[in-house]
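# Report on the structure
One letter stands for each residue in the lines below.
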2 protein chains.
Amino acid sequence: MSYSEKITKYMQKRESYAIKLLQKLVQEKSISEHERQAQAIVIETCREIGMEIDIWEPDMKELSTHPNFVSSRKDFHDSPNVVAKWSGAGGGKSIILNGHIDVVPEGDMKQWRNDPYDGKVEDGKVYGRGSTDMKGGNVALLMAISAIKDLGIKLKGDIIFQSVIEEESGGAGTLAAIVRGYKADAVIIPEPTNMKIFPKQQGSMWFRINIKGKAAHGGTRYEGVSALEKATLVIKKIHELEQKRNSEVSDPLFKSISIPLPINIGKIEGGNWPSSVPDLVLMEGRIGVGPHETLEDVRKELSEALVSLEEIDPWLKENPVQLEWFGAQWVPGSIKEDHTFLKLLESNFEKVTGQSPTLEASPWGTDGGLFTALLNTPTIVFGPGTTEVAHYPNEYIKIDQMMKAAEIIASLLIDWCEIAEK
Amino acid sequence: MSYSEKITKYMQKRESYAIKLLQKLVQEKSISEHERQAQAIVIETCREIGMEIDIWEPDMKELSTHPNFVSSRKDFHDSPNVVAKWSGAGGGKSIILNGHIDVVPEGDMKQWRNDPYDGKVEDGKVYGRGSTDMKGGNVALLMAISAIKDLGIKLKGDIIFQSVIEEESGGAGTLAAIVRGYKADAVIIPEPTNMKIFPKQQGSMWFRINIKGKAAHGGTRYEGVSALEKATLVIKKIHELEQKRNSEVSDPLFKSISIPLPINIGKIEGGNWPSSVPDLVLMEGRIGVGPHETLEDVRKELSEALVSLEEIDPWLKENPVQLEWFGAQWVPGSIKEDHTFLKLLESNFEKVTGQSPTLEASPWGTDGGLFTALLNTPTIVFGPGTTEVAHYPNEYIKIDQMMKAAEIIASLLIDWCEIAEK
């Protein structure tokens, strides 16, 4: 029996174990600052597999001076990072398997049909907050490693499994693992791509724009300057910038995405009285950063677009729009299109599913960007589950997708890390 | 000596008394629900003049069923209305002199150079919240009545002086005086017109617009519908409606006003997360109602404009914009252009100032609209002070303007109510 066949059989046999593991993980509500209990399950599982475990609470003092650090937390008490290593025999290529353990809050409870943390199984799906984003992906990773181990295969390269905190808040967990010294020859992150392969990941940043006006009574509004009217100029300019930026995207990985690098204005607030001309409007948004771009490039581009408004509007020349970068940021990530690691993932996908994989660029940032930006490590995002249900009520993951992902990743590990001579 | 000369001399002699009276009124912070102490000063002054006093707390139960009632208060405890009457000898035309005693709050204290309630005199001005809007006007009225009385003149027509509450919140005080039965052949309201004569007053109403979108992640914003993008369509439509409405205004009283009937969007709020497509935007604003219009006309016109958006936008057809009328409303007011009362005010203005008066339509509503709408009484708004400082920090009134207004009104009273035979 080939290794492929053995892995397929293994996954069939262990499916109910994988489901139970995912259910246990979903049942621990691992929102930011509450990751401990879910990490304990990860640790237990890695111990059972027989990996070497590293557990630590990231040091805020050390991390906070890093240029890529983003977090609004005071410290990381009760939020351990976990890294489990299976050292290879040597002479092979190593891999980091990275997944985040934190989940976003459940939101409006009334929109959930069941308890968001019950991990209910129904129609071949496991339901619950974090099932898709991304505890299902983490289970796929753990099942892949288990398979290799249980099948008695010994690899040359190291496998480094990372269960990180804080991905949803900007990636401080993965940053902490990088700062701690973990590195490898390639990285795979099973965020929910719906089994598409994302060799490139969009980065993103948050911005805040303040637009000034001049207050006046609404009955004599011509004596004032409406900050909202000026805001519509800003919205138009941002829309033009988005069109320009996207017209320049020629990468075929973006071809099926209608707006590859979106600029989203997510929040607006202005004025405080129906009868007064609003003298201040504030907008907050998110700008996508292409895999070919740096955060700095994009900051400059948005800034210049806003400055250009001064040419068309005398008021904005006197009262320039204020641009501020705040909160979250994710650096873009990528792997070269002819990289062996990517080719191996593609061929294993075909072998397991019998279909050609879909390659796309991701519409959102992941922790993958940090591996690319800081370690120059080729990184691929590929995993079970879909973003349509991530962060939404009644989140679920299809069990067969999760198991297929485990199978593909197990085969990939064998091809990438290579089997050691007995 | 002519009556005119006597009145001029009287005002000169009594200027310091008038200043002190205004200072006392400013020093009582008569914001809504706290009008009592200021009304006590009015009562004392009317008693000294020798008028018949009516004091009552408006009855919420009775008023609240009235179609023109607007107030967010539970009751009018501690907010007495005051009406003081000086009955004429008979056979003459009567007049209501109406001024509101309530002031708007001082706002941001840091923007005031001095205590907003100190009534400081400097460079010929009295400073403080309410000095211009409109305690200075009220003092002008009281000085005009005092002059007639002190000069020993007896008039044929009744003088009804009204010191009302709640003008700033929609006119419940004047409505209460009308409901109590007070009426006359003409009304003058010395709101701050900067000594311009407003034979027509714009009404206004507040509206609220809810615009629905569809939430999505900002990275895949094309999967959602931005309520803010739809809001820009609404803003544009409102701007077009404003242009259309104003292009139809041909009244020469509006000729020097760049936007006679403004539509002001005073507040906007939408979305709550930079990385999410906003699924709801709320806007609040004020629409001007022309002296030739009814509130109902204008409500219909705005509503139809918003409905017309459904023709140009399929999303808005499926998810119509919601329009709501809330909070304050002021009915428009007017007097016929050839009315004797208006002609008398014009001629007395010329006599006292040596200049031709400026006639304009007011850019805001006053309680005058209620007299026009409910009693069909010709109403003129004319007074000292300017709207540029009303509702703003460091509000002030020029003392000489206040005294000139008193002189003009005193002369008007003689001409309108006519001197009784001895």
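Conventions used here
Residues numbered from 1 in each chain as written. Chains lettered and ligands numbered in written order. Predicted model: local features only at pLDDT ≥ 70, side-chain atom pairs only at ≥ 80, totals over all residues. Heavy atoms only, no water. Helix = DSSP H or I, 4+ residues; strand = E, 2+ residues; numbered from the N terminus. Rg over C-alpha atoms; globule rule 2.2 N^0.38 Å. Buried < 20%, exposed > 50% of the residue type's maximum accessible area, 1.4 Å probe, protein only. Contact = heavy atoms within 4.5 Å. Salt bridge = Lys/Arg side-chain N within 4 Å of Asp/Glu carboxyl O. Domains from an automatic or database assignment. Buried area = accessible area lost by both parts, 1.4 Å probe. Pairing = 2+ DSSP bridges. Least-squares fit on C-alpha atoms with pLDDT ≥ 70 in both. Expected span 1.5 Å × (residues − 1). Polar contact = N/O pair within 3.5 Å; in protein donor to acceptor, adjacent residues only side chain to side chain. Phe/Tyr/Trp six-rings, centres within 6.5 Å; stacked < 30°, edge-to-face > 60°. UniProt positions renumbered as here; feature names shortened; annotations may be inferred.

## As for the overall build of chain A
Secondary structure summary: chain A contains 11 helices and 16 strands in total. Compactness check: chain A gives a C-alpha radius of gyration of 24 Å against a globular reference of 22 Å for 422 residues, within 12% of the reference. Its C-alpha atoms give chain A principal-axis dimensions of about 85 × 45 × 45 Å. Evaluated residue by residue, chain A yields a buried proportion of 59% over its 422 residues. At a minimum sequence separation of 6, the contacts of chain A that also span at least 24 residues come to 82%.

## Some words on the pattern of salt bridges
For the structure shown, the criterion picks out 56 salt bridges over all chains. Between Glu301 of chain A and Lys244 of chain A there is a salt bridge whose closest N-O contact spans 3.4 Å. Here Lys244 of chain A lies in helix α6 (residues 227–247) and Glu301 of chain A lies in helix α7 (residues 295–312), a separation of 57 residues in the sequence. A salt bridge links Asp251 of chain B to Lys200 of chain B, with the nearest nitrogen and oxygen atoms 2.6 Å apart. Placement of the pair is Asp251 of chain B in the loop between α6 (227–247) and β10 (263–270) and Lys200 of chain B in strand β8 (residues 197–201), with a sequence separation of 51 residues.

## So, the domain arrangement of chain A
Bring the parts together and some accessible area is lost; that lost area is often taken as the interface size. Residue and element names in this part refer to chain A. Along its sequence, chain A is organised into domain 1 (3–201 + 332–417) and domain 2 (203–329). Between the C-alpha centres of domain 1 and domain 2 the distance comes to 35 Å. Counting residues at the interface gives 17 residues for domain 1, matched by 15 residues for domain 2. Three residues stand out in domain 1 for area buried against domain 2, namely Val70, Pro332 and Ala361, and they jointly supply 38% of the buried area on that side.

## Brief notes about the interface of chain A and chain B
The interface is formed by 43 residues belonging to chain A together with 43 residues belonging to chain B. The largest contributions to the chain A side of the interface with chain B come from Arg221, Tyr222 and Pro274 of chain A, which together make up 18% of the buried area. Inspection of the chain A/chain B interface yields two salt bridges. Glu242 of chain B serves as the salt-bridge partner of Arg221 of chain A, at 2.7 Å between the closest nitrogen and oxygen.

## Focus on the pairing of strand β15 (residues 379–382) of chain B
Residues and elements named next belong to chain B. The two faces of β15 match: Thr379 and Val381 on one face and Ile380 and Phe382 on the other face are all buried. Examined bridge by bridge, strand β7 (residues 187–189) and β15 share three bridges and lie parallel to one another. Residue pairing for β15: Ile188 is matched across the bridge by Ile380. Where β8 and β15 come together, two bridges link them in antiparallel fashion.

## Details of the relation of the copies chain A and chain B
Of the two same-sequence chains, chain A is brought onto chain B (RMSD 0.3 Å, axial shift 0.1 Å) by a rotation of 179°. On the angle and the small slide along the axis, the relation comes out as a two-fold axis. Across chain A, the rotation axis passes nearest the C-alpha of Glu269 of chain A, at a separation of 2.4 Å. An overlap of 100% is found between the interface residues of chain A and their copies at the interface of chain B, pointing to a shared contact surface.

## Quick word on the sheet that holds strand β5 (residues 125–127) of chain B
All names here are of chain B. The sheet built from three strands is open, its strands ordered β4-β5-β16 with antiparallel pairing. At either margin of the open sheet sits one strand with a lone partner, and together these are β4 (121–122) and β16 (396–398). Of the pairings in the sheet, the one linking β5 to β16 comprises three bridges and is antiparallel in character. In the strand pairing of β16, Val126 is matched with Ile397.

## Notes on helix α4 (residues 131–150) of chain B
All names here are of chain B. The end-to-end C-alpha distance of α4 is 25 Å, clearly below the 28 Å that 20 residues give at a rise of 1.5 Å each. Here α4 lies mainly inside the structure; 18 of its 20 residues are buried. Note on α4: the residue one or two positions beyond its end, Gly152, has a positive phi of about 75°.

## Regarding the environment of Trp206 of chain A
Following the sequence through the fold, Trp206 of chain A ends up in strand β9 (residues 203–212). For Trp206 of chain A, a relative accessible area of 10% gives the class buried. It is 23 Å that separates the C-alpha atoms of Trp206 of chain A and Glu310 of chain A, two residues lying 104 residues apart in sequence. For Trp206 of chain A, the side chain forms a polar contact with the side chain of Ser275 of chain B, separated by 2.7 Å.

## Brief notes about helix α10 (residues 368–375) of chain B
Inspection of α10 of chain B places Gly368, Gly369, Leu370, Phe371 and Thr372 of chain B among the buried residues, and these make up the whole buried set. Immediately beyond the C-terminal end of α10 of chain B, within one or two residues, lies Asn376 of chain B, with a positive phi of roughly 55°.

## With respect to the packing of aromatic side chains
Taken as a whole and assessed by the stated rule, the structure comprises 16 aromatic pairs over all chains. Relative to Tyr396 of chain A, the ring of Tyr127 of chain A has its centre 5.5 Å away and its plane inclined at 50°; by these criteria the two rings are tilted. Taken as a pair, Tyr127 of chain A in strand β5 (residues 125–127) and Tyr396 of chain A in strand β16 (residues 396–398) lie far apart in primary sequence, 269 residues in all. Judged by relative accessible area, which is 23%, Tyr396 of chain A ranks as partly exposed. On the basis of an interplanar angle of 75° and a centroid distance of 6.1 Å, the ring pair of Phe207 of chain B and Trp325 of chain B is categorised as edge-to-face. Linking Phe207 of chain B in strand β9 (residues 203–212) with Trp325 of chain B in strand β12 (residues 322–330), this pair joins segments that are 118 residues apart in sequence. In this structure Phe207 of chain B comes out as buried when scored by relative accessible area, which is 0%. Exposure remark for Trp325 of chain B: the relative accessible area of 27% places this residue in the partly exposed category.

## Considerations on the UniProt feature "domain: Peptidase M20 dimerisation" (unreviewed entry) in chain A
Here the UniProt-annotated "domain: Peptidase M20 dimerisation" (unreviewed entry) positions come out as residues 201–306 of chain A. Helix and strand shares over residues 201–306 of chain A are 31% and 27% respectively, and the end C-alpha atoms of the span are 26 Å apart.

## Description of the side chain of Gln401 of chain B
All names here are of chain B. Here Gln401 shows up in helix α11 (residues 399–417). Side-chain polar atoms of Gln401 contact the backbone nitrogen of Gly385, separated by 2.7 Å. If sequence neighbours within four positions are ignored, Gln401 has contacts with Asn194, Met195, Pro384 and Gly385.

## Focus: unusual backbone geometry
Trans is the prevailing form of peptide bonds, just as negative phi is the prevailing case for residues other than glycine. Backbone torsion omega between Asp133 of chain A and Met134 of chain A reads -10°, so that peptide bond is classified as cis. Unlike most non-glycine residues, Asp123 of chain B shows phi in positive territory, near 50°. Note that Asp123 of chain B resides in the loop between β4 and β5. What makes Asp123 of chain B exposed here is its relative accessible area of 68%. Here the phi dihedral of His391 of chain B falls at roughly 70°; this positive angle occurs in a residue that is not glycine. Following the sequence through the fold, His391 of chain B ends up in the loop between β15 and β16.

## Points about the environment of Pro190 of chain B
All names here are of chain B. Assignment of secondary structure puts Pro190 in the loop between β7 and β8. Classification of Pro190 as buried rests on a relative accessible area of 1%. Along the primary structure Pro190 and Gly136 are separated by 54 residues, whereas in three dimensions their C-alpha atoms are 8.6 Å apart. The residues touching Pro190, leaving out its near neighbours within four places in the chain, are Asn98, Met134, Gly137, Asn138, Leu141, Phe382, Gly383 and Pro384.

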